[in-house]
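Chains, contacts and geometry: an overview
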Amino acid sequence: SRTRVGVVGAGPAGLLLAALLRRAGVDCVVLESRERSYVERRQRAGVLEQSTVDALRGCGAAERLDREGLAHDGIELRWNRRAQRIDFPSLTGGRRVWVYAQTEVVKDLIAHDLTAGVPLAFGTPALAVTGADTDRPVVTYRHEGREQSLACDYVVGCDGFHGVVRTAVPASARTTYERRYPYSWLGVLADVPPSCDELIYAHSPRGFALHSLRSPTVSRLYLQVANGTDPADWSDERIWDELDARFAVEGDWRLRRGPLTQKSVLPMRGSVTEPMRHGSVFLAGDAAHIVPPTGAKGLNLAAGDVIELGRAFALRYADGTDRALAAYSDTRLRRIWRAQHFSYSLTTMLHTDPGDPDPGFGVRLQLARLDRIAASRAARAELAENYVGPATR
Ligand code: FAD
Ligand code: DHB
């Protein structure tokens with residue numbers, strides 16, 4: 001079979017790209033190795049930037065987001081038992097973010113794409129991509145036990161960090177820059193109303209903690225843990241006690257406890273593969289880059305990539321120019337490195353470094369950075385601008 005754009009992976013990047021291409025009248029086929037129910041249940045991110053929300057609205061996939069998504073006008077930072085709110089609208093000219101789980105974005109996009117008639121094949125792993133240096137790249141894939149192939153004008157790898165499309169680019173033509181952080185996150189979902197309307201990012205001598213939410217009745221919490229941690233070593237009670245200790249603050253704030261319904265450990269790393277295009281093959285989302293989750297940028301960068309690609313393909317098929325496609329990699333890499341630096345900066349300001357040879361010095365630097373944020377509107381604006389992301393074009 002053949003199509004114009006072969007999209008590998010039906011995570012947020014592949015699904016949104018398919019919606020954007022469909023709206024622009026550009027044929028595509030989406031291949032996804034997992035089953036639909038698995039893809040819809042994978043617990044991940046929860047914070048959407050304005051530009052991500054605008055893109056979902058633009059392709060008509062935001063009806064439920066507009067009903068159920070929670071607009072957030074700020075976050076709270078905690079350290080030394082004190083709290084500092086960062087108010088987004090007043091620091092960024094009116095911008096804000098939305099809390100709406102990645103699982104829900106994925107469900108909405110799958111329903112939207114299927115209704116729009118996008119060929120979306122679950123249980124269909126791509127095995128290899130050949131012909132990246134030609135104008136007729138081919139994806140071979142397995143469907144119901146049989147190997148088949150899809151000839152395309154272009155292939156876009158939206159197949160995540162462990163995807164195969166990246167390997168279609170010759171090793172000599174790509175470079176991966178990587179940083180591993182010496183800690184992980186233990187993430188839990190709790191059937192209990194959030195203890196605060198806003199996200200709380202806490203620095204403490206015991207390590208980082210984050211309070212987030214999924215809905216008015218479900219809390220999402222994260223704890224810094226050592227790399228290699230087995231979630232089974234963390235009983236519910238140990239998790240709640242540790243969260244209590246790390247969120248400790250002056251005043252009468254209390255963390256609400258409830259049954260934990262999920263526990264998982266996420267290692268923290270940054271990674272960028274350059275360039276994001278080779279011949280007729282493009283990379284987007286986690287297939288090209290990973291950021292540590294502290295700044296909530298992963299999902300938004302993935303969306304930003306495919307918004308740019310959607311525009312570039314629309315132009316390519318409207319008037320034959322591939323100038324926007326040619327600029328894609330450079331345009332996105334500038335944005336990605338900005339987000340990589342922001343994520344690094346927030347991560348290292350808030351996490352305890354177990355390998356620091358002079359931890360007393362390191363902690364005092366962190367506290368100096370946090371005190372600066374409390375003291376300076378300019379420092380708060382710097383954080384807020386990065387957190388809410390770039391204004392929509
Ligand atoms: P993915 O969501 O990874 O989607 C890739 C898709 O490709 C998957 O459906 C996969 O099954 C499919 N695929 C892979 N190989 C093939 C193949 N060979 N053939 C066909 N299909 C294939 N970000 C935050 O901001 N906050 C968080 O708390 C957070 N938590 C995270 C927790 C985990 C465990 C992970 C992995 C990521 C987390 N992220 C978080 C990052 C964020 O979820 C990702 O940036 C986002 O999912 C990227 O979307 P994507 O579509 O590029 O990739
Ligand atoms: C969530 C995850 C993040 O990485 C973050 O910075 C904020 C919120 C979340 O899963 O809700």
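Residues numbered from 1 in each chain as written. Chains lettered and ligands numbered in written order. Predicted model: local features only at pLDDT ≥ 70, side-chain atom pairs only at ≥ 80, totals over all residues.

For the chain, an unreviewed UniProt entry supplies the name 4-hydroxybenzoate 3-monooxygenase and the organism Streptomyces corynorhini.

Quick look at the site of ligand 2
As a matter of local geometry, ligand 2 sits amid Ala-45, Gly-46, Val-47, Leu-199, Ser-212, Arg-220, Pro-293, Thr-294, Gly-295 and Ala-296. Across the shell around ligand 2, the residue classes break down as five nonpolar, four polar and one charged. (Near = placed C-beta within 6 Å. Nonpolar A, V, L, I, M, F, W, Y, C, P; charged D, E, K, R; others polar.)

Description of the site of ligand 1
Around ligand 1, the structure places 31 residues, and the nearest of them are Gly-9, Gly-11, Gly-160, Gly-285 and Gly-298. For the shell around ligand 1, the elements supplying multiple residues, two or more each, are helix H1 (12–23) and helix H8 (298–319). (Helix = DSSP H or I, 4+ residues; strand = E, 2+ residues; numbered from the N terminus.)

Considerations on the nonpolar core
One recurring pattern in soluble globular proteins: nonpolar side chains tend to sit buried together. Of all hydrophobic cores here, the largest spans 111 residues; its most connected members are Leu-17 and Ala-284. Sort the elements by how many residues they give to this core and H8 lands first, with nine residues. Residues in contact with Ala-284, not counting those within four places in the same chain, are Ala-13, Leu-17, Val-156, Gly-157, Cys-158, Ala-302, Asp-305, Val-306 and Leu-309. (Core = buried A, V, L, I, M, F, W, Y, C linked by C-beta atoms within 7 Å. Buried ≥ 20, exposed ≤ 12 C-beta atoms within 10 Å, placed from the backbone. Contact = placed C-beta atoms within 7 Å.)

Quick notes on the UniProt feature "domain: FAD-binding" (unreviewed entry) in the chain
Using the residue numbers shown here, the UniProt feature "domain: FAD-binding" (unreviewed entry) corresponds to residues 2–342. Secondary structure across residues 2–342 comprises 31% helix and 32% strand; the distance between its end C-alpha atoms is 41 Å. (UniProt positions renumbered as here; feature names shortened; annotations may be inferred.)

Details of the sheet that holds strand E14 (residues 199–202)
A sheet is described by the order of its strands in space; here eight strands give the open sequence E6-E5-E14-E15-E16-E13-E17-E20, paired in mixed fashion. Looking along the sheet, the strands with just one partner apiece sit at the ends: strand E6 (82–87) and strand E20 (289–290). Note: strand E15 (residues 209–215) against strand E16 (residues 218–225), six bridges, orientation antiparallel. By the bridge assignment for E16, Ser-212 is matched with Arg-220. Seen against the sheet, helix H9 (residues 323–350) touches strand E13 (175–190), E14, strand E17 (260–274) and E20 and runs at an angle of roughly 130° to E17. (Pairing = 2+ DSSP bridges. Axes fitted to C-alpha atoms, helices over the stretch in contact; angles between N-to-C directions.)

Structural notes on the packing of H8 against H9
Closest axis-to-axis distance for the H8/H9 pair is 10 Å, and the angle between their directions is 165°. Considered as vectors, H8 and H9 are oriented roughly antiparallel to each other. Classified by chirality, the crossing of H9 by H8 is right-handed. Residues Leu-301, Gly-304, Asp-305, Glu-308, Leu-309, Arg-311, Ala-312, Leu-315 and Arg-316 of H8 form the contact with H9, whose participating residues are Ala-324, Leu-325, Tyr-328, Thr-331, Arg-332, Arg-335, Ile-336 and Ala-339. A breakdown of the residues in the contact of H8 with H9 according to their chemical character gives nine nonpolar, two polar and six charged. (Parallel < 35°, antiparallel > 145°, perpendicular 65-115°, else oblique. Left-handed = near helix turned anticlockwise from the far one by under 90°.)

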